[in-house]
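Listed below are the residues making up each chain.
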Amino acid sequence: MLEIEIDGKTLQVADGSTIIEAAHQMGTYIPHFCYHKKLSIAANCRMCLVQVEKAPKPMPACATPVTNGMKVFTHSELAVKAQKGVMEFLLINHPLDCPICDQGGECQLQDLAVGYGESASQYQEEKRVVPDKDLGPLVSTDMTRCINCTRCIRFTAEIAGFMELGQSFRGEHAEVMPFIGKTVDTELSGNIIDLCPVGALTSKPFRFSARTWELSRRKSVSPHDGLGSNLIMQTKHDRVMRVLPLENEDINECWLTDKERFSYQGLNSQGDNGRLTKPMVKQGGEWKEVDWNVALDYASHALRDVAKTHGGAAIGGLLSPHATLEEMYLAQKLLRGLGSENIDFRLRQSDFSADGHRRGTPWLGIKIADIGRLDRVLVVGSFLRKDHPLIAQRLRQSAKGGAQISVLHSADDDLLIKLAARAIAAPSQLPAVLAQIVKAVCQLKGAAVDAALAGITVSTEAQAIAQSLVSGSNSGILLGNFAQQHPQAATLQALGHRLASVLGGSFGFLGEAANSVGGYVAKAVPGAGGLNAAAMLKEPRQAYVVVGAEPELDCADGAQALASLTKAAAVVVLSPFKSQAMLDYAAVLLPVSPFSETSGTFVNTEGRVQSFYAAAKPLGETRPAWKVLRVLGNLLDVAGFEFNSSEDVRAEALGGQSDFVSGLDNGVDAFTLNLSATVNGFERVADVPIHFADSLVRRAPALQQARDSATPTARMNAATLKKLGVATGDRVRVGAGGTATVTLSTQLDAGLPDGTVRVAAAHADTVALGPMSSVLNVEKA
Amino acid sequence: MALIDTISPLLTTGWSKGDAGWSLKDYEARGGYAQLKRILSSKMTQDELIAEVKKSSLRGRGGAGFPTGLKWSFMPKAAPEKYVVCNTDEGEPGTFKDRDLLRYDPHSTIEGMIIAGYAVGAKRGYNYIHGEIFDIYQRFEEALDQARAAGYLGERILGSDFSFDLFAHHGWGAYICGEETGLLESIEGKKGQPRYKPPFPANFGLYGKPTTINNTETFAAIPFILGMGGEAYLNLGKPNNGGTKLFSVSGHVNRPGNYEVPMGTPFAKLLEMAGGMRGGRKLKAVIPGGSSAPVLPADVMMECTMDYDSIAKAGSMLGSGAVIVMDETVCMVKALERLSYFYFEESCGQCTPCREGSGWLYRVVHRIEHGQGRPEDLDLLNRVTDNMMGKTICALADAAAFPVRSFIKHFKSEFEYHIEHKKCLVDPEVQRAGSGFFRASSVARVA
């Protein structure tokens, strides 16, 4: 500890602290622009100059380390003169166009100019003008306003992992710009808007639509990936205008992914594929907008009829993993009340053989904040950067700090993380390679090798990963979405669990969706004799209740989902959105609120219970889904539906659990490994593109223009292209055994294993291909 | 080629043959590489070597004048990977000594760097040569090849345990890359802009490893110092200002060029060596240490001796030893405008006060020169420089401010005249005559 005196007040700070950190610790504000606690120190804005005893010149508080006994004066004449001098320089070339600047009212330069600026400038020369840049569909530029603090540059280089922005030219001609002809395409790009202390980088979707002081603010929780980022929803006239991060060091730190930041546009979507605002029923093949009473009557009769005629088991419930805990809880309660155990929210999962062997609810295995403390990490089956951008970010930082990150996957996408080792194998080989790693680790650790693994040979890649893992003291094995969607997911789970126990490390799942843990807590999984998500589509039901999902895009086999739903006598859909497919298969559409218009709860991947209130009033005639389900329960005379608030529902669903849910356990018992790996043909590697993962983000127009939203292609490596006799860009017909084929362009992807073809799932263009995991026939079109 | 006129040639000994005396055999014939051989064969310790350099009181010849031996002693002993870097960026207007050092005697710098590598325990060195003198860069590469072929560079030099290799790196024409940490960034392939210090290069230098950076002239002096002994070298100059120094004399003198004189030589003597004032005109002002050093009026300058302490006492800096001599035909406003433009263009743009202030200074001076000055402009200029000096990561803001402040301080009446009368105090015809004379004389010199 070091002792420092700031403005006469003494305090103890940790070794290595800077003056600005010490000052902030004691609540003294030092003006600054370039300094940001999560970024490297640039010391270039010079706004934080303070007086340090014995130093002849004012020192930058952001870059000056505290020494024992140091005396600092932040408001002395010398300090204030230096700060005012810098402010004058900052303003001479700044356009001072605050009235037409989107940053007006929330601008650091504007705020500090009030404190440190003069009312008139002595600069009477011509001001600098800097050409604007095209950074893509999300970030808008007014580069003349830029004060060259380089926060955005440091963000792309350090946090996002790739220096997409840089400062070109010298002196007054210095300009922040992307590479020539390039845009900023990182999945975290929106954060540079928050970081920009002036109006140089502003939100393209939001700009000129509202002033910051016109907006109401509500805390909320991201409905997308399993992280559960904390949000500030900003609304005007009950319309979400903007989403900003709510800082939470344990979850999203101060960042948001672009998906979380810009998906709100989908909340305001209109048209045939937009928000569903009125209850609708299909009568005689025609859709009619009706009153809620009529629609609820219709829905309850339809379900009651099927239950009466065919039994409760003839009904299947498909719940979105992005639905709230309350919605899932009521939906499963309703279905069970109707006598059905066919309930599932694990829509993209294809292997359910761990059911009945699971020791508890699958979860991250550790706290999110502890990810950065792991010194050895193996990520299995994950498009990490796109599926979990902020977890990737944490691993990126820990890799820089010396942690060794290894990857076992079927694609070698650049994670922008320095990897210690990697094994890239076809999907069918993943269990075998993971088994090799387990075996190698057992051998290196001197543990007994499991009988099932005795006969396998350890490859060099597996050996390298094993060696990295055993060299650490705090290891973690993380199974990504791809591993969870894998047809041998349970085997991967058993192997991962075994690996972690030999290593004495942690083992967990990277939660795919906002409620991937919450679904288990809400009991939205099949009970005894019930059918899981895949089975209830494979064995078509008479009726389905769909809550918040678009099964054709959200299920592991979209084609089959579509077929079974179309065949069913009655499909009751509770959804915030409509779509053509929905109009085709549904009998009744009940417009329910998206997360922004209802109170609810998400249990994130670390088991943290995060509840939120509605940020806006329900749009049109939409109603919170928990209310709709509650009324349906009443209409169907299901017992125990006397809830008066979503808190009541939550209390019952959680049964006394509060901040963190209990029963989290990734272990599997008495499970037989399935290491078979015989495949004939091209294996499909199916990713869920970041901006197609759920129904909300699919409807966010700006995100849909981003580079990550490109039309799906058939990606393959050079050897596979050669084998097929096609070149990059050629059109190929891709089928999956059935009659349906889709025609796609080929694209070279050197990171794919031989004999695999990567075709994105969750996209209208590829639904016809059926299961995410499949063998494809590919031929030149 | 008789550009050199020294009292006691040391570093410039090898220059007498001009372009014909630079190669390895010439250098060896002059006793070159003898010191390296002596150090390696006698297994001189690093501490002994550094002590000898300290004894010489050699101060960095790049401009800051930091004691070289002390700088070397800062290098952490235990670090496995260290670098020695030579700064031949020489971007300061008026300075051209390092260019000629590498042109006429590149091996003295090479030997100096190898010895420095030995002293600080580095196995690798770089010489950063500014991009405008590409022929010099090529010559240095040639000299490196010669040294490598002769076994002075590479693994186990001359059969000893010491290995060292040296590489040339040319810049692309940025003044700021002469700042040592900007130079390191540039070698690393990044945008050349200074780093915040601390940490200093001795702890966190090239590629984050401990690094010693010295000026070309500093390295070139090392073999000579070791040849004659630190004590003897110090005695060439005066206490705390050891040895000889190269001065690049330019401007309105009859024989502009590089002159090596002992530290402490009177300026009047140096001026005399440079052939005196052209056309017998009156000396008006001198910038004694490169364009960033404050200008001194003739009477002050004529009293100075050429060493760090005397010039500092007079209110300027010896800097890189670039002596810019101005006669009475010079309009000081125009001269300052040119200097301010240089710093405006060369600021790296990193720190606010320099990025914004250098342009402000230039624009105001430009305005005054073009008859649009305002009475309050001189106060404004002083205030702007005040807000720039000492407020930035590196000293470029100070370098931009010093000329402005000193020109106004010493030649205020000329500025006031400009503002009041919208024209130069020095008649434009006289100015033209002065510069015309400069051109004619320059041609004559080369012939």
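Right, let's get into the interface of chain B and chain A. Each partner contributes to the interface: chain B provides 34 residues, whereas chain A provides 36 residues. Summed over both sides, the interface between chain B and chain A buries roughly 2900 Å², with carbon and sulfur atoms accounting for 49% of that surface. If you sort the residues of chain B by the area they bury against chain A, Tyr196, Glu356 and Trp360 of chain B come out on top, with a joint share of 22%. Inspection of the region where chain B meets chain A yields six salt bridges. The residue Glu172 of chain A makes a salt bridge to Arg363 of chain B at a minimum N-O spacing of 2.8 Å. Looking at which element gives the most residues to the side of chain B that touches chain A, the answer is helix H15 (residues 352–369) of chain B, with ten residues.

What follows covers the environment of Gly737 of chain A. Residue and element names in this part refer to chain A. Note on placement: Gly737 falls in the loop between strand E29 (731–735) and strand E30 (741–748). Residue classification places Gly737 among the exposed residues on the basis of a relative accessible area of 61%. Expressed as a C-alpha distance, the spacing of Gly737 and Gly770, which sit 33 residues apart in the sequence, is 9.4 Å.

Here we come to the packing of aromatic side chains. What the rule picks out here adds up to 25 aromatic pairs over all chains. For the cation-ring pair, Arg242 of chain A lies above Phe206 of chain A, with the distance from its terminal atom to the ring centre recorded as 4.3 Å. Here Arg59 of chain B stacks its cationic end above the ring of Tyr308 of chain B, 4.3 Å away from the centre of that ring.

Below, the discussion takes up empty space enclosed by the protein. Residues and elements named next belong to chain A. Under the definition given, this model contains eleven cavities of 30 Å³ or more. Size it by volume and the largest cavity reaches roughly 400 Å³. Lining the largest cavity are 30 residues, with Arg346, Gln349, Gln484, Ser516 and Tyr520 positioned closest to its centre. Only helix H14 (481–485) and helix H15 (489–503) provide two or more residues apiece to the lining of the largest cavity. For the lining of the largest cavity, the per-class residue count stands at 14 nonpolar, nine polar and seven charged. By volume, the second largest cavity is sized at about 270 Å³. As for the second largest cavity, its lining consists of 20 residues, of which His322, Gly548, Pro576, Pro594 and Phe595 are closest to the centre.

Evaluated as defined, the whole model comprises zero disulfides over all chains. No disulfide involves Cys196 of chain A; its sulfur sits 6.3 Å from the nearest other cysteine sulfur, which is in Cys149 of chain A.

Let us look at the sheet that holds strand E24 (residues 588–591) of chain A. Residues and elements named next belong to chain A. The sheet built from seven strands is open, its strands ordered E14-E13-E24-E23-E22-E15-E16 with mixed pairing. Two strands in the sheet have a free side with no partner beyond their single neighbour: strand E14 (286–289) and strand E16 (343–344). Bridge analysis of strand E13 (residues 280–283) against E24 gives two bridges, and the strand direction is antiparallel. Within the sheet, the bridge partner assigned to Val281 lies in E24 and is Val588. Of the strands in this sheet, E13, strand E15 (315–319), strand E22 (543–547), strand E23 (570–575) and E24 touch helix H8 (residues 292–310), which is tilted by about 130° from E24. Strands in contact with helix H9 (residues 325–337) are E15, E16 and E22; relative to E15, the strand with the most contacts, it is inclined by about 175°.

In this section: the pattern of salt bridges. For side chains bearing opposite charge, pairing can occur when the charged atoms are close. Throughout the structure, instances matching the rule amount to 74 salt bridges over all chains. It is possible to trace a salt-bridge network through shared partners that takes in Arg348, Glu512, Glu550, Asp554, Arg698 and Arg699 of chain A.

Within a regular strand, the side chains alternate between the two sheet faces. Residue and element names in this part refer to chain B. For strand E2 (residues 124–129), the buried fraction is high: five of the six residues fall into the buried class. Of the pairings in the sheet, the one linking strand E1 (residues 83–88) to E2 comprises six bridges and is parallel in character. Counted as the bridge partner of Asn87 is Tyr128 from E2. In this region the chain leaves E2, passes through helix H7 (residues 134–149) and returns to the parallel neighbour strand E3 (residues 165–170); the handedness of that crossover is right-handed.

Cut-offs applied
- Residues numbered from 1 in each chain as written.
- Chains lettered and ligands numbered in written order.
- Predicted model: local features only at pLDDT ≥ 70, side-chain atom pairs only at ≥ 80, totals over all residues.
- Heavy atoms only, no water.
- Contact = heavy atoms within 4.5 Å.
- Buried area = accessible area lost by both parts, 1.4 Å probe.
- Salt bridge = Lys/Arg side-chain N within 4 Å of Asp/Glu carboxyl O.
- Helix = DSSP H or I, 4+ residues; strand = E, 2+ residues; numbered from the N terminus.
- Buried < 20%, exposed > 50% of the residue type's maximum accessible area, 1.4 Å probe, protein only.
- Phe/Tyr/Trp six-rings, centres within 6.5 Å; stacked < 30°, edge-to-face > 60°.
- Lys NZ or Arg CZ within 6 Å of the ring centre and 35° of its normal.
- 1 Å grid on protein atoms, 1.4 Å probe; cavity = no way out; pocket = protein on both sides within 12 Å on 5 of 7 lines; lining within 4 Å.
- Points joined across faces, edges and corners; volume = space filled by probe spheres on them.
- Nonpolar A, V, L, I, M, F, W, Y, C, P; charged D, E, K, R; others polar.
- Disulfide = S-S within 2.5 Å.
- Pairing = 2+ DSSP bridges.
- Axes fitted to C-alpha atoms, helices over the stretch in contact; angles between N-to-C directions.
- Right-handed = clockwise from strand over helix to strand, strands pointing away.

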